[in-house]
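The chain contents come next:
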Amino acid sequence: MLSSKHTLPGSCCVTRAKSASAGRTCSLVARVATNPAGSAATRSLTALTESAEASGCPFTALKSQLTRPKPDQVQVDVPGPAPFSLESLGDVGTIFFEGLHVAMLKFSAKYGPVCRFANPASLNGATSWVFLNSPQNIQHVCAANVKNYTMRYLPDIYKYVTHEKGILGSQGAYNDRHRRLCAPPFRNRAQLERFADVVVQRSARLAEIWQQHLASSSSSSSSSSSFLTDVATQTQRLTLDVVGLTAFSHDFKQVQRIADDLSGAAGDSTQATDRLLWAVNTFGESLAEVFITPMPLLRAGHAMGLPHLRNLDEAVSVMRGAMLDVIQERRIALAAGQPVPQDLLGILLTAADEAGQAMTDEELWEDVHDVMGAGHETTATTTAAALYCISAHPAVESQLMAELQAVLGDRPPAYADLEQLPYLQACIKEVMRLYPAIPVFPREAAADDVLPSGHPVSKGDVVFMSSYALGRSPAIWPSPLTFDPSRFSPAAEASHHRFQFLPFGAGARMCLGASFAQMSVSLMVASLLQKFKFEPVTPASPLIPVSYDITMNFNETRGLHMRVSARNEQQQQQQQQHEVDRQQQEVDLQRELVGAAITAAR
Ligand code: HEM
């Protein structure tokens, strides 16, 4: 079976150039542009969405249309290895063994910001693969000529798993309609404020469990009260609960299980700790193993009961069972005329198509699964990576803690606080620059085209863009591997190209939950840092060795292990230590003075 840790999954987007939303996007962009010092919230929570939504802005589109080369104007040969050459074998090996995201970074160093690989076998339908790593060309694909690139490249595995339904696995009008149905709850300010409360409350529950664990471990041992844990598993449980509660008003009760994780009754993120967590993790891992396997082989593998496909089928059936129960409960409540929440599930259940036909359970399940799948793991790994990076850089941590203390004091954060927390937003963006949860977003070219660099793209080419390669490119970021949130200070950001930082993708299939995700990660990180101190243990390097199945994971280090202690207690301990050190220095000084006096007297 053909695996690829590389290949992108899904990507999404909400930005068709519908005139109404285009106008809104434009006015928002204009507001930020004319008010660079303006609301940090406006900048932080909407800037990414806006930049990628530039496809919806008629002025941006017009400008780019006017300035881009016409097909008959410029034609530059696209660099890349010759088909069947030793070089192409080596390059394809890099993709398979190191992942497409790493390969794209290497290709941009080797061939420049555009390169093409012929796909003589037309594997999974693509005529050639074109790799882009320049903001200007990406702007062309995701904004100026977005109409030519509305289709996500979807290998056959999507047909196998989703039957071309859902948001991630569908194309064209079906995708358009389901994006329009699913996006609003994650973008509307009033909804986001409500969701923020859920994020903060569930984070507080997690904090309570950790505090209880600290209290019980300090009473049972004389050693200092801290514990070692895989923070990534805990944030995954937290975000599963958050997505369940916000999108479906359903409590998966994952945070409750953290007490088991801590007492050793459950394992780490790489083990089957319980069915739902097992299913969501196995789904991503198994899907990646067969990601570019063509349909005939998938069917044969299924018939032969190949382990990856068996696991994949089982994971789907566990998740499907859990969600169909939730859907069924809601249908019964609706039929009985009971009051039901107006959440995503409510919107989907009452939606009807042009013929007045409601969605089938199958259609509902696919949408719900995509939101749950695309929404929880990405947010969880980003949160865990943020806690790790901030804690591994004491100067960053001090500056952030000072900001949190100044704005929040000891109270929990809320949605409205985010605009007062620019350094927190900068830290989260810096984490996503180095560790984008989804590293690659591909599109299929509907017609021949020419990029701003003069390189041609042919109909049927698959154009790959990578937030990972962009984020680590030395041509774009000085010292790209250094964690430095000041890159995202409002002043520094003003000089960025709008398409150089794209953790949520861009264009026609951009992430549906970008604002929701940024808000959730920020609030979870702030809530946990206020109460706890994290000391990174594994890995022991400032750079996290991440890998990707469908989204980012920490399998190489079997999770992100950190020592957690209560921040107040930690602060007290540090203050006590400072006091001891100060007293010791005084004693040493006295001794020195007495010694000097004795010497002088002699
Ligand atoms: C830190 C968190 C997240 C990151 C980094 C992230 C990133 C991405 C990226 C890169 C894509 C592909 C974009 C493209 O092709 O241009 C995507 C697609 C998608 N995301 Fe997110 N995402 C996150 C959280 C969420 C959340 C919270 C939700 C839902 C509430 C969500 C829902 C989706 C959906 C449904 C798609 C597929 C859209 C389509 O194919 O049309 N994501 N995401």
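Criteria and cut-off values
Residues numbered from 1 in each chain as written. Predicted model: local features only at pLDDT ≥ 70, side-chain atom pairs only at ≥ 80, totals over all residues. Heavy atoms only, no water. UniProt positions renumbered as here; feature names shortened; annotations may be inferred. Helix = DSSP H or I, 4+ residues; strand = E, 2+ residues; numbered from the N terminus. Buried < 20%, exposed > 50% of the residue type's maximum accessible area, 1.4 Å probe, protein only. Salt bridge = Lys/Arg side-chain N within 4 Å of Asp/Glu carboxyl O. Pairing = 2+ DSSP bridges. Axes fitted to C-alpha atoms, helices over the stretch in contact; angles between N-to-C directions. Parallel < 35°, antiparallel > 145°, perpendicular 65-115°, else oblique. Left-handed = near helix turned anticlockwise from the far one by under 90°. Contact = heavy atoms within 4.5 Å. Nonpolar A, V, L, I, M, F, W, Y, C, P; charged D, E, K, R; others polar. Disulfide = S-S within 2.5 Å.

> For this particular structure, what's the right way to read the UniProt feature "binding site: heme" (unreviewed entry) in the chain?
Under the UniProt annotation, "binding site: heme" (unreviewed entry) lies at Cys-511. Within the element layout of this structure, Cys-511 appears in the loop between helix 20 (490-494) and helix 21 (514-531). The partly exposed category is assigned to Cys-511, whose relative accessible area is 23%.

> Please explain the pattern of salt bridges as it appears in this structure.
Where charged atoms from two side chains of opposite charge approach closely, those side chains can pair. According to the stated counting rule, one finds 19 salt bridges in the structure shown. Measuring nitrogen to oxygen at the nearest pair gives 3.0 Å for the salt bridge that ties Asp-251 to Arg-202. Pair noted here: Asp-251 is in the loop between helix 10 (231-248) and helix 11 (258-263) and Arg-202 is in helix 9 (residues 189-220), with a separation of 49 residues, a long-range link. Note on Arg-202: relative accessible area 17%, which makes it buried. Look at the salt bridges and you will find they share partners, linking Glu-87, Asp-91 and Lys-110 into a network.

> Explain the sheet that holds strand 8 (residues 462-466) to me, please; I cannot follow it from the model alone.
Within a sheet, each strand pairs with its neighbour through backbone hydrogen bonds, oriented either parallel or antiparallel. On the basis of which strands lie adjacent, the open sheet formed by five strands has the order 1-2-8-5-3 and mixed pairing. A single partner strand is all that each edge strand has here, and the edge strands are strand 1 (114-118) and strand 3 (151-152).

> What is the right way to look at unusual backbone geometry in this model?
With the exception of glycine, most residues fall at negative phi, and the peptide bonds are largely trans. The linkage connecting Thr-538 with the following residue, Pro-539, adopts the cis geometry, with an omega of 0°. Even without a glycine there, the phi angle at Ser-249 is positive, about 50°. By the element assignment, Ser-249 lies in the loop between helix 10 and helix 11.

> I keep staring at the packing of helix 14 (residues 307-335) against helix 16 (residues 361-392) and nothing clicks. Help me out?
Geometrically, a packed helix pair is captured by the angle between its two axes and the distance between the axes. The contact between helix 14 and helix 16 brings their axes to 10 Å, and the two run at 115°. Considering the angle they form, helix 14 stands roughly perpendicular to helix 16. Where helix 14 crosses over helix 16, the handedness of that crossing is right-handed. Together, Val-316, Met-319, Arg-320, Met-323, Leu-324, Ile-327, Gln-328 and Arg-331 of helix 14 and Asp-361, Glu-362, Leu-364, Trp-365, Val-368, His-369 and Met-372 of helix 16 make up the contact between the two elements. By residue class, the composition of the contact of helix 14 with helix 16 is nine nonpolar, two polar and four charged.

> Is there a simple way to explain the state of the cysteines in this structure?
One covalent bond between the sulfur atoms of two cysteine residues makes up a disulfide. Tallied over the full model, the rule gives zero disulfides. The thiol of Cys-427 is unpaired, and the distance to the nearest cysteine sulfur, on Cys-389, comes to 9.4 Å. By relative accessible area, which is 0% here, Cys-427 ends up buried.

> When you look at the packing of helix 16 against helix 21 in this model, what are you seeing that I'm missing?
Direction vectors running N to C along helix 16 and helix 21 enclose 45°, while the axes themselves pass 9 Å from each other. As judged from the angle between their axes, helix 16 and helix 21 are oblique. Crossing geometry of helix 16 relative to helix 21 is assigned as right-handed. Between helix 16, through Thr-379, Thr-382, Thr-383, Ala-386, Leu-387, Ile-390 and Ser-391, and helix 21, the contact on the second element is made entirely by Ala-517, Ser-520, Val-521, Met-524, Val-525, Leu-528 and Leu-529. Taken together, the residues of the contact of helix 16 with helix 21 break down into nine nonpolar, five polar and no charged.

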